[in-house]
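This is what each chain is made of:
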Amino acid sequence: GNIIYSTGDYTVTDSTISASQLNSLDAQYSGTVNATAVTTISGTAAETTTVYSSSGISGLGNEGVTLTDAHTLAQLKTINNATSGQLTLNDYSVAISGSAADVKASLAGNFSQTYTGNITLNDADTTSITAAELAAIGAATTGTVTVSNAVDITGNHVQLTAALVTE
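Residues numbered from 1 in each chain as written. Predicted model: local features only at pLDDT ≥ 70, side-chain atom pairs only at ≥ 80, totals over all residues. Heavy atoms only, no water.

Caption draft 1: Molecular detail of the side chain of Asp26. With respect to the helices, strands and loops of the structure, Asp26 is situated in helix H1 (residues 19–28). We note that Asp26 is buried and unpaired, the nearest opposite charge coming from Lys77 at a distance of 21 Å. (Helix = DSSP H or I, 4+ residues; strand = E, 2+ residues; numbered from the N terminus. Buried < 20%, exposed > 50% of the residue type's maximum accessible area, 1.4 Å probe, protein only. Lys, Arg positive; Asp, Glu negative; His and termini not counted. Salt bridge = Lys/Arg side-chain N within 4 Å of Asp/Glu carboxyl O.)

Caption draft 2: Local environment of the nonpolar core. Counting residues in each nonpolar core, the largest one holds 35 residues, and the members touching the most others are Leu22 and Tyr115. Counting residues per element, the ones that place at least two in this core are H1, helix H2 (45–53), strand S6 (64–67), helix H3 (73–82), helix H4 (100–106), strand S10 (119–121) and helix H5 (131–139). With sequence-adjacent residues up to four places away left out, Tyr115 is seen in contact with His71, Leu76, Leu89, Tyr92, Val94, Ile96, Leu107, Ala140, Thr141 and Thr142. (Core = buried A, V, L, I, M, F, W, Y, C linked by side-chain atoms within 4.5 Å. Contact = heavy atoms within 4.5 Å.)

Caption draft 3: Representation of the sheet that holds strand S3 (residues 33–34). With parallel pairing, three strands are arranged side by side in an open sheet as S1-S3-S5. Each end of this open sheet is capped by a strand with a single partner; those strands are strand S1 (10–11) and strand S5 (57–58). Where S3 meets S5, two bridges bridge the pair, whose relative direction is parallel. Across the sheet, Val33 pairs through a bridge with Ile57, a residue of S5. (Pairing = 2+ DSSP bridges.)

Caption draft 4: Geometry of the sheet that holds strand S12 (residues 145–147). With parallel pairing, the three strands of this open sheet are ordered in space as S8-S10-S12. At either margin of the open sheet sits one strand with a lone partner, and together these are strand S8 (96–98) and S12. Adjacent strand axes in the sheet meet at a mean angle of 15 degrees when their direction is disregarded. In terms of strand pairing, S10 meets S12 through three bridges, oriented parallel. Its bridge partner lying in S12, Ile119 is registered against Val145. (Axes fitted to C-alpha atoms, helices over the stretch in contact; angles between N-to-C directions.)

Caption draft 5: Representation of the packing of aromatic side chains. What the rule picks out here adds up to two aromatic pairs. Where Tyr10 meets Tyr29, the ring centres are 4.9 Å apart and the plane angle is 25 degrees; that geometry is what we call stacked. Here Tyr10 is found in strand S1, whereas its partner Tyr29 is found in the loop between H1 and S3, with 19 residues between them in sequence. Judged by centre distance (5.9 Å) and plane angle (40 degrees), the rings of Phe111 and Tyr115 are tilted. For the pair formed by Phe111 and Tyr115, the shared burial category is buried. (Phe/Tyr/Trp six-rings, centres within 6.5 Å; stacked < 30°, edge-to-face > 60°.)

This is the structure:
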């Protein structure tokens, strides 16, 4: 068959598309892939992260995402920062480890189910975590939250109690 190469822009008209299809279109067209019509993206965490990291794909930001494999902290953070749509994970029990800021950003999404993974905060010993940050992270998972280093946790009595006391 013939191979047709276009240097123009491409507009996606499908409301549901896979991340691999979007990445393929992005690679095929030197212009911009307009994905404004997309309401749902599905694919691996790596493929989906590539979609959101591409400057060649526009019009995204409120679509739902369905991941077909386990995610990393960095991938979950990238996806949550990129869309306000509902996020359906392949595995809600993935344990994640990172700084309080990164963990908080990764769990700030609109999940279709409650996150159950254990969390390890590995901020440097010289770091300070607010009680509000710790409480937000604890509220975002039913798993255990562990602070692995001797960081300072700051806040007033009410904030500290809310962050450190579990039911």
